[in-house]
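Residue-level structural notes
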Amino acid sequence: MQKRNRTVAVIGAGDFIGGEIAKKFASEGFTIFAGRRNGDKLAPLVKEIEAVGGEIHARSLDARKEEEIISFLNDADKHAPLEVCIFNIGANVNFPILETTERVFRKVWEMACYSGFLAGREAARLMLPRGGGNIFFTGATASLRGGSGYAAFASAKFGLRAVAQAMARELGPKNIHVAHLIIDSGVDTEWVRQRRLEALGPNALDDPDLLMPPASVAASYWQLYQQPKSAWTFELEIRPFGEKW
C-alpha cells in the first residue's frame, strides 16, 4: 500500500456507503478520519482497514454540532493535510405530510443540510490557505425531486445541493473541487432490502441489478477525486444499469 501524507475525512461513516468510502481511500494510501454518531460502531471498520496496513482514526461525531465538526476536521488536518472531505449523512425518512412533525422536519434538515454546510465550510477553511482540496457531498434522487412522503428529506437534500453548488462556484476558481454525487437508486443495505420487501412483496429482491453495491459509490468518489482540474465534474448522477429513470 502506497502511503500518502494526506488525510480523508468521512462524515457519516456508516456500515455501508461511508465504510466503503473509507476502505477505498485507505487502500490508496490515505489516512482516514471516520466519524459517525455512535463511534463504537466503527470498530469493525477500524479492524478491517488496519488488518491490511491502513491507518484510520475513528470517533463519535454529531455533525450537527459546530464545535464537533471543527474539532474533527482540525484534528484530521493536524495529523496530515486534509485532502478530501466527504459528507455522507443521509436522514432518509418517509412520512405523509400531515404526519411530518415539526421535530422530524427540523431534525432531518439539521442532519442532511445544516451539518453539510458546517462540514463544507470548515473543510474549505482548512483547504483555502493551501490553495487546493476536495469537498464532496452525497445526494439522492430526492436532491432533484420531491416524492410523496418526502417533504422533509427532499427539502434537506435540495438545500444540500444548493450549498454544494454555491460552494463549487465560489471555490472552484481557488482550486478546490466541490462535487455533488446523486445516487439515483436504492443502495444494497439491509435497511433498503427490508423496505423493498415491505413495499413490493417477496419477489422485490429477485433482480440484483436494481440495487447499487456500496463499493460502487466509493468507486465513483474515487473517480471524482482523480479528475484533472481542467475537467472537473460538479454533479455526477449514478444508477445501476437496470434502473428505470
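In short, a report on the structure. These numbers come from a predicted model, not from an experiment. (Residues numbered from 1 in each chain as written. Predicted model: local features only at pLDDT ≥ 70, side-chain atom pairs only at ≥ 80, totals over all residues. Heavy atoms only, no water.)

**Regarding the overall build of the chain**
What the chain contains, in helices and strands, is 7 helices and 9 strands. A globule of 245 residues ought to have a C-alpha radius of gyration of about 18 Å, and the chain, at 17 Å, matches this closely. For the C-alpha atoms alone, the extent of the chain along its principal axes is close to 50 × 35 × 35 Å. Split into buried and exposed, the 245 residues of the chain put 46% on the buried side. Considering only residue pairs separated by 6 or more positions, the chain has 74% of its internal contacts joining residues 24 or more positions apart. With the model as given, the accessible surface of the chain reaches about 11,900 Å², and the carbon-plus-sulfur share is 53%. The positive charge centre, built from 30 side chains, and the negative charge centre, built from 29, are 4 Å apart in the chain. (Helix = DSSP H or I, 4+ residues; strand = E, 2+ residues; numbered from the N terminus. Rg over C-alpha atoms; globule rule 2.2 N^0.38 Å. Buried < 20%, exposed > 50% of the residue type's maximum accessible area, 1.4 Å probe, protein only. Contact = heavy atoms within 4.5 Å. Areas by Shrake-Rupley, 256 points an atom, 1.4 Å probe, with all protein chains shown as cover. Lys, Arg positive; Asp, Glu negative; His and termini not counted. Charge placed at Lys NZ, Arg CZ, Asp CG, Glu CD.)

**Topic: the pairing of strand β5 (residues 133-140)**
In terms of burial, β5 is largely enclosed, as 8 of its 8 residues are buried. Here strand β4 (residues 82-87) runs beside β5; their pairing, made up of 4 bridges, is parallel. Residue pairing for β5: C85 is matched across the bridge by I135. Taking the sense of rotation as the criterion, the β-α-β connection linking β4, helix α4 (residues 102-127) and β5 turns out right-handed. (Pairing = 2+ DSSP bridges. Right-handed = clockwise from strand over helix to strand, strands pointing away.)

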